[in-house]
Amino acid sequence: MGFFKPLLAKLFAKYVRKSILRWSSKPIETQYKVFKTLIDEASNTQFGRDHDFKSIKTHHDFIERVPIRDYEDLKPYVDRVVAGEADILWKGKPLYFAKTSGTTSGAKYIPLTKESMPTHVKAARNAILMYIAETGNSQFVDGKMIFLQGNPTLEEKNGVQLGRLSGIVAHYVPKYLQKNRLPSWETNCIDDWETKVEAIVEETLPEDMTVISGIPSWVQMYFEKINIKTGKKVGEVFKNFNLFIFGGVNYEPYRAKFENLIGRQVDSIELYPASEGFFAFQDQQNEKGMLLQLNSGMFYEFVEANHFFDDNPKRLTISEVKIGVNYVMIISTNAGLWAYNIGDTIAFTCTKPYRVIVSGRIKHFISAFGEHVIGKEVEQALQDATQGLEVRVSEFTVAPQINPDSGLPFHEWFIEFENPPKDILELAKKIDASMQKQNSYYHDLIFGNVLQPLKISTVKNKGFQDYMKSIGKLGGQNKIPRLSNDRKIADSLSAQKLLK
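Residues numbered from 1 in each chain as written. Predicted model: local features only at pLDDT ≥ 70, side-chain atom pairs only at ≥ 80, totals over all residues. Heavy atoms only, no water.

Caption draft 1: Looking closely at the layout of surface pockets. Computed from the structure, the second largest pocket encloses a volume of approximately 580 Å³. Every residue lining the second largest pocket is counted, 27 residues in all, and those nearest its centre are Ala305, Asn306, Asn326, His372 and Ile374. Counting residues per element, the ones that place at least two in the lining of the second largest pocket are strand 14 (340–351), strand 15 (354–361), helix 14 (375–386) and helix 16 (440–447). Among the elements that take part in the lining of the second largest pocket, strand 14 stands out by supplying four residues, more than any other. When its residues are assigned to classes, the lining of the second largest pocket shows 10 nonpolar, 12 polar and five charged. (1 Å grid on protein atoms, 1.4 Å probe; cavity = no way out; pocket = protein on both sides within 12 Å on 5 of 7 lines; lining within 4 Å. Points joined across faces, edges and corners; volume = space filled by probe spheres on them. Helix = DSSP H or I, 4+ residues; strand = E, 2+ residues; numbered from the N terminus. Nonpolar A, V, L, I, M, F, W, Y, C, P; charged D, E, K, R; others polar.)

Pasting the structure below:
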């Protein structure tokens, strides 16, 4: 059997690669077909009738009838779906609600339908198959794979099952992977994150782990516990571990720390999944960005982030975007989300085919002084500043300090180091230089003596974990925002005495 599975995986990978090349080489045509299908299928729903879908023929018609909405705006419709009504946002009733923690609205209930659910599973599978097709490496399919994810136990609400997306997806693991998959169902069902990670360590240590997958911050905790328990690097414990699959955050700030924990380099595949849709995955090892899923029941629109809060900002289709511009991504889907703002900002790295990076969150920025600093810039600055140094960063976040005890305001960087720099002031200078180079507004504010250069405050070991625990968000799909326009996190770190 050992020989057949890798061989079959290679054959299947070739077939999938061909089908992906077919739609990715005709992006505009592919998106038009998706758009037309979505409008036709939903024209008899409550939302479709309210927005006169039957008269929509073009993207311009759609813009005129369907405004951009976030969850709060769509909530009156979602509430009716949650109450058990059919044919509201999409035909029939959803299969599931993915429950996510909202900021202003408490829990959010994102519908998953019989049309949308397979696209989540297919994209995750295709990411691995595209890696096999490119590298020829398929031996890992015979080893054990771990997917660090949420509790797969589902509740029921008015006849519809409800749970975390990663928990729902756990029910869709293909039969041929079931025997290879860890952790066990019982361990996956543990709610307390630290207890769960301990149990995962116990289960996986005796196994031949070849693939490890999860949000980097979770996986980091898992790797650290393995290091402590065995006194060895992860790559020594799992000699055949050669593929790390991750999503949810940019891996670059974690890369040096991970390579130290593992003890060697391993291949990685970046994914861009969310409850609202599986938007993109890395399809080439040596290309920057992830292949946007244009053929997965989602129609995309893009609004330049700098103009997003204008009255009637311009909504672009895939044919109108440019490389390197920061866009807010708007989606309409076969789960019944219409011109929906997921809150992410993306930038295109390539248009043949269309590849994207996640540049941040439209709500996660610093513009206390008009500087418009985004997540991608702070991550890049830290990467630039630590290049070639023995500095390793565990986690970080940035906040404005508007009223310092003395001197001009500044950006305060809260960094938890695994391996601190010899000279923290020198590191701050390097980060600031990169920030000024990337962001002309920031440069002008420093140059014009409106801001002083940034300052670093050091967070204690495990400080960010303690902070996340204190707000009930350790593990799961939760992650530290890279930056905030206020000092809520900063003040909490200080109040809890988590700073050195």
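Further notes follow.
Caption draft 2: Looking closely at the pattern of salt bridges. Taken as a whole, this structure holds 23 salt bridges when the rule is applied. Arg65 is the partner of Asp52 in a salt bridge, and the nearest nitrogen-oxygen pair spans 3.8 Å. Of the two residues, Asp52 is situated in the loop between helix 3 (46–50) and helix 4 (59–65) and Arg65 in helix 4; the sequence distance between them amounts to 13 residues. Overall, the relative accessible area of 38% leaves Asp52 in the partly exposed class. (Salt bridge = Lys/Arg side-chain N within 4 Å of Asp/Glu carboxyl O. Buried < 20%, exposed > 50% of the residue type's maximum accessible area, 1.4 Å probe, protein only.)

Caption draft 3: Broad picture of the environment of Val373. Mapped onto the elements, Val373 comes out in strand 17 (residues 373–374). Assessed through its relative accessible area of 0%, Val373 is described here as buried. A C-alpha to C-alpha distance of 9.9 Å links Val373 and Ser440, two positions 67 residues apart in sequence.

Caption draft 4: Layout of the packing of aromatic side chains. Per the counting criterion, the structure on display carries 25 aromatic pairs. Where Phe348 meets Tyr354, the ring centres are 5.8 Å apart and the plane angle is 80°; that geometry is what we call edge-to-face. A cation sits over an aromatic face here: Lys455 above Phe410, 4.8 Å from the ring centre. (Phe/Tyr/Trp six-rings, centres within 6.5 Å; stacked < 30°, edge-to-face > 60°. Lys NZ or Arg CZ within 6 Å of the ring centre and 35° of its normal.)

Caption draft 5: Region of interest: the side chain of Asn126. Topologically, Asn126 is positioned in helix 6 (residues 117–135). Overall, Asn126 belongs to the buried group, its relative accessible area being 7%. Non-local contacts of Asn126, meaning those with residues more than four positions away in its chain, are made with Val16, Ile20 and Phe281. (Contact = heavy atoms within 4.5 Å.)

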